[in-house]
Amino acid sequence: MAKLRPLPTTGAVTGIFEALAFFRDPSFAKRRFTRLGNVFETSMLGQPMVFIQGDQAIADLLCQPDKIEGWWPESVQQLLGSRSLANRNGAAHKARRRVVAQLFSSAALQRYSPGIVNLIDELSEELKTAKGPLPLTEKMRRFAFSVIATTVLGLEGNDRDKLFSDFEIWTKALFSIPIALPGSPFAKALKARKRLLKKLQVILRQPNNGKGGLDLLAEGLDEAGIPFTDEDLGEQLLLLLFAGYETTASALSCLMRELLLNPQMETWIREEIDTLNWPPTPAQATMVYEPANAPRLDALVKEVMRFTPPVGGFFRRTKQSLVLDGIVVPNNRVVQVALIASNRHGIGDLDIFRPQRHLENECSLSLMPFGGGERICLGKSLAELEIRMMVIGLFRKLQLEAIPDQDFSLRQIPSPSPRDGLLVKVKG
Ligand code: HEM
């Protein structure tokens, strides 16, 4: 048996410089992995944190669910709330997952698909009739928000717009310092959180009128066998807005950016898109764009998730000491699975965006853009459906071109997104 090794460390104590470097340097983890190996410890603002990369260390972590639990930074914990399933563990976590999962079943996705088609057709029309360039990134954000707020939660018009403005205040503080000094972003976000929860609870009490999918929650509530208060359900809905909006918008914006900057790739994907049906019927929507029917689209989405993962890393806390890739990690350590570094760690041209690698079966990495194990993303199928439908719906109707002389580089926090908002116009 290979000898177990102690945990290498950067030696950081206060973690102030480490935290600054983490936010400023996209290669933060990569540099330290190169120096210290696939598992190392550092400190982030006083919080000891173990970073891991590579299939072995990640598999070792996730195959021992009894020895780990979920963890989020303090700001996220406070803003999501103690009832949120993201902040729960064990049976309380499982019961809430079962309830919320009802919103993402295949039948639920079929129900949402006409709403998604409408949002995409409206956006195509807006782009076609625009008098000047439009920022595609903002349009993708609005789309991802509308899918959850309108299609899933059933909100429309004024109700949705009010929710959107409070939501923007709330998200700005999610990864901030959690001290509620008067007037600080965190204090504003706590107030916005209260207003958001109040609105979400009103929505939960309203008759459903056939809009959205909230009636689907009832089945899960019966099965869960534990009573849920409106406050509890409200926090689960708040989590969905948080988890499903920035992430999906980031994936869409990064995908559009790659196609706009690379005409050959656009031609390559168009050859496949032109063979696919649009708009799909609800029964078709969840099936016809699957990898078997749209392998290039699948490869393109996989490569976006590999190259610019919307969530750069996910966390667990150890409840007992663990061995990860031959390194002993003590009890009560926060472990960050560093997806950005992991996705480029291996042999070959992994620093290049090349979707074809997934068709040629040359990509031996296990990609985990949606996390893994007992906490794997609940909205994975919805996110994939939204992304596939947007690419097909938009490209079947239009040819876009990017306005030159803008900054196409990506800001990284909270999720990768083109700095100048990806200004585009319709070709011709
Ligand atoms: C491209 C889009 C998305 C990406 C990349 C993504 C990624 C992730 C990741 C990495 C996690 C953490 C998993 C873990 O800890 O193992 C997560 C959790 C979660 N995601 Fe997503 N997500 C996306 C879209 C969505 C959508 C659309 C929704 C719902 C509307 C959603 C709902 C959730 C929920 C509820 C959790 C918490 C699960 C738990 O703690 O049990 N996500 N997601």
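As the structure is a computational prediction, the values presented were derived from the model and not from experiment.

Colleague: Quick question: what am I supposed to make of the packing of helix α9 (residues 185-205) against helix α11 (residues 230-261) here?
Modeller: In the contact formed by α9 and α11, the axes pass within 9 Å of each other and the chain directions differ by 110°. Taken as axis vectors, α9 and α11 run roughly perpendicular relative to one another. Facing α9, whose interface residues are L196, L197, L200, Q201 and L204, α11 presents D230, L233, G234, E235, L237 and L238. In terms of residue class, the contact of α9 with α11 is built from seven nonpolar, two polar and two charged.

Colleague: Got a minute to help me understand helix α6 (residues 106-129) in this structure?
Modeller: Its 24 residues place the ends of α6 35 Å apart at the C-alpha level, agreeing with the 34 Å of an ideal helix rising 1.5 Å per residue. Where α6 bends most, the angle comes to about 35°, and this point is Y112, followed within four residues by the proline P114. Within the sequence span of α6, burial applies to L109, Y112, S113, I116, L119, I120 and L123. For α6, the elements touching its buried residues are α7 (136-152), α13 (282-285) and α17 (380-397).

Colleague: Could you clarify how one ought to interpret the sheet that holds strand β4 (residues 134-135) in this entry?
Modeller: The strand order β4-β12-β9 describes an open sheet built from three strands, whose pairing is antiparallel. The sheet terminates laterally at β4 and β9 (400-402), the two strands that pair on one side only. Bridging between β4 and strand β12 (residues 423-426) involves two bridges; their strand directions are antiparallel. Considered in β12, the bridge of P135 is made with L423.

Colleague: Looking at this model, I keep getting lost on the packing of α6 against α17. Mind explaining?
Modeller: Pairs of packed helices are described in terms of their axes, by the angle between the two and the distance that separates them. Put simply, α6 and α17 touch, their axes get as near as 10 Å, and they point 35° apart. Viewed along their axes, α6 and α17 form a crossing whose handedness is right-handed. Packed against α6, whose contacting residues are L109, I116, V117, I120, D121, L123 and S124, the element α17 presents S381, L382, L385, E386, M389, M390, G393, L394 and K397 at the interface. Residues of the contact of α6 with α17, tallied by class, amount to ten nonpolar, three polar and three charged.

Colleague: Explain the nonpolar core to me, please; I cannot follow it from the model alone.
Modeller: Soluble, globular proteins show a tendency: their nonpolar side chains are buried together. Counting residues in hydrophobic clusters, the biggest one holds 77 residues, and the most contacted among them are I148, L252 and L255. Of all the elements in the fold, those that place two or more residues in this core are α4 (74-80), α6, α7, α8 (157-172), α9, α11, α14 (295-307) and α17. A per-element tally of this core places α11 first, with 15 residues. Non-local contacts of L255, meaning those with residues more than four positions away in its chain, are made with L300, V301, V304, I387 and V391. V39, M49, F51 and A338 belong to the second-largest nonpolar core, a separate cluster that totals 30 residues.

Colleague: Help me out: how do you make sense of the site of the ligand in this one?
Modeller: Around the ligand, a shell composed of 26 residues is seen, among which A243, G244, G371, C377 and G379 lie nearest. Listed by contribution, the elements that provide at least two residues to the shell around the ligand are α11 and α17. Top element by residues in the shell around the ligand is α11. It accounts for seven residues. Looking at the shell around the ligand residue by residue, the class counts come to 17 nonpolar, seven polar and two charged.

Colleague: For this particular structure, what's the right way to read the pairing of strand β5 (residues 313-318)?
Modeller: Consecutive side chains of a regular strand alternate in pointing toward one face of the sheet and then the other. Side chains F314, R316 and T318 project from β5 onto a buried face, and the interleaved G313, F315 and R317 project onto a face without burial. Pairing between strand β3 (residues 68-70) and β5: three bridges, direction antiparallel. Within the sheet, the bridge partner assigned to E69 lies in β5 and is R317. Where β5 and strand β8 (residues 334-338) come together, five bridges link them in antiparallel fashion. The residue of β8 that forms the bridge with G313 is A338.

Colleague: Just checking my understanding: could you explain the sheet that holds strand β2 (residues 47-52) for this structure?
Modeller: Hydrogen bonds between backbone groups are what pair the strands of a sheet, and the pairing can be parallel or antiparallel. Pairing is mixed across the open sheet formed by five strands, whose spatial order is β1-β2-β8-β5-β3. Since the sheet does not close on itself, it has two edges, and those belong to β1 (39-44) and β3, each with one partner. The sheet shows a mean angle of 35° between the axes of neighbouring strands, direction not considered. Its contacts with the sheet place helix α2 (residues 28-36) against β1, β2 and β8, and it is angled at close to 130° to β1.

About the criteria used
- Residues numbered from 1 in each chain as written.
- Predicted model: local features only at pLDDT ≥ 70, side-chain atom pairs only at ≥ 80, totals over all residues.
- Axes fitted to C-alpha atoms, helices over the stretch in contact; angles between N-to-C directions.
- Helix = DSSP H or I, 4+ residues; strand = E, 2+ residues; numbered from the N terminus.
- Parallel < 35°, antiparallel > 145°, perpendicular 65-115°, else oblique.
- Contact = placed C-beta atoms within 7 Å.
- Nonpolar A, V, L, I, M, F, W, Y, C, P; charged D, E, K, R; others polar.
- Expected span 1.5 Å × (residues − 1).
- Bend = angle between axes of the 7 residues up to and from the residue.
- Buried ≥ 20, exposed ≤ 12 C-beta atoms within 10 Å, placed from the backbone.
- Pairing = 2+ DSSP bridges.
- Left-handed = near helix turned anticlockwise from the far one by under 90°.
- Core = buried A, V, L, I, M, F, W, Y, C linked by C-beta atoms within 7 Å.
- Near = placed C-beta within 6 Å.

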